[in-house]
Amino acid sequence: QVQLVESGGGLVQPGGSLRLSCAASGTSGITFGIYDWGWYRQAPGKERVLVARITTIGTTIYADSVKGRFTISRDNGKTTVYLQMNSLKPEDTAVYYCNRFAAPYSSWGQGTQVTVSS
């Protein structure tokens, strides 16, 4: 049973930065590495949306709302995906989750709360 554990969230002022991590336990680096991975976020009262995706070869794709500010990366050996978030805005406030992109695990992690406020 694979477990996804997100961490690194918190309260930050507008313009600040955070680095999120998502560790996938119960899977090997080989299996982890053959899938694209994504970071998603869900704001209060809204649906969960994809904000960043990284392919098996490291190509990155971003939602327009975060392009130029967020950077997704992966470490297959550590079965971990990262999201570096810079120049944070109040509208980035949400719970952030990770999951495989095309074949998501049915059981999502608990997410990590990011709150951007002065």
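The structure reproduced in this document is the subject of the present report.

Basis of the calculations
- Residues numbered from 1 in each chain as written.
- Predicted model: local features only at pLDDT ≥ 70, side-chain atom pairs only at ≥ 80, totals over all residues.
- Heavy atoms only, no water.
- Buried < 20%, exposed > 50% of the residue type's maximum accessible area, 1.4 Å probe, protein only.
- Helix = DSSP H or I, 4+ residues; strand = E, 2+ residues; numbered from the N terminus.
- Pairing = 2+ DSSP bridges.
- Disulfide = S-S within 2.5 Å.
- Polar contact = N/O pair within 3.5 Å; in protein donor to acceptor, adjacent residues only side chain to side chain.
- Contact = heavy atoms within 4.5 Å.

Before going further, it helps to spend a moment on the pairing of strand β7 (residues 70-75). Alternating residues of β7 divide into Phe70, Ile72 and Arg74, all buried, and Thr71, Ser73 and Asp75, none buried. Sheet topology note: the β7/strand β8 (residues 80-85) ladder contains six bridges and is antiparallel. Following the sheet pairing, isoleucine 72 is matched in β8 by leucine 83. Where β7 folds back onto β8 in an antiparallel hairpin, the turn is made up of four residues, including threonine 79, whose phi is positive at roughly 45°.

In total, this model carries one disulfide according to the counting rule given. Disulfide pairing is shown between cysteine 22 and cysteine 98; the S-S distance is 1.6 Å. In this pair, cysteine 22 sits in strand β3 (residues 18-25) while cysteine 98 sits in strand β9 (residues 94-100), placing the two residues 76 residues apart along the sequence. By relative accessible area, which is 0% here, cysteine 98 ends up buried.

As for its position among the elements, asparagine 99 is in strand β9. For asparagine 99, the side chain forms a polar contact with the main-chain nitrogen of tyrosine 105, separated by 2.8 Å. Sequence-distant contacts of asparagine 99, defined by excluding residues within four places in its chain, comprise Leu4, Trp37, Gly38, Tyr40, Pro104, Tyr105 and Trp108.

This paragraph deals with the side chain of threonine 55. You can see threonine 55 is positioned in the loop between β5 (49-54) and β6 (60-62). The contacts of threonine 55, once residues within four sequence positions are left out, are Asp36, Ile61 and Arg74.

Any functional reading would require information beyond the geometric quantities listed.
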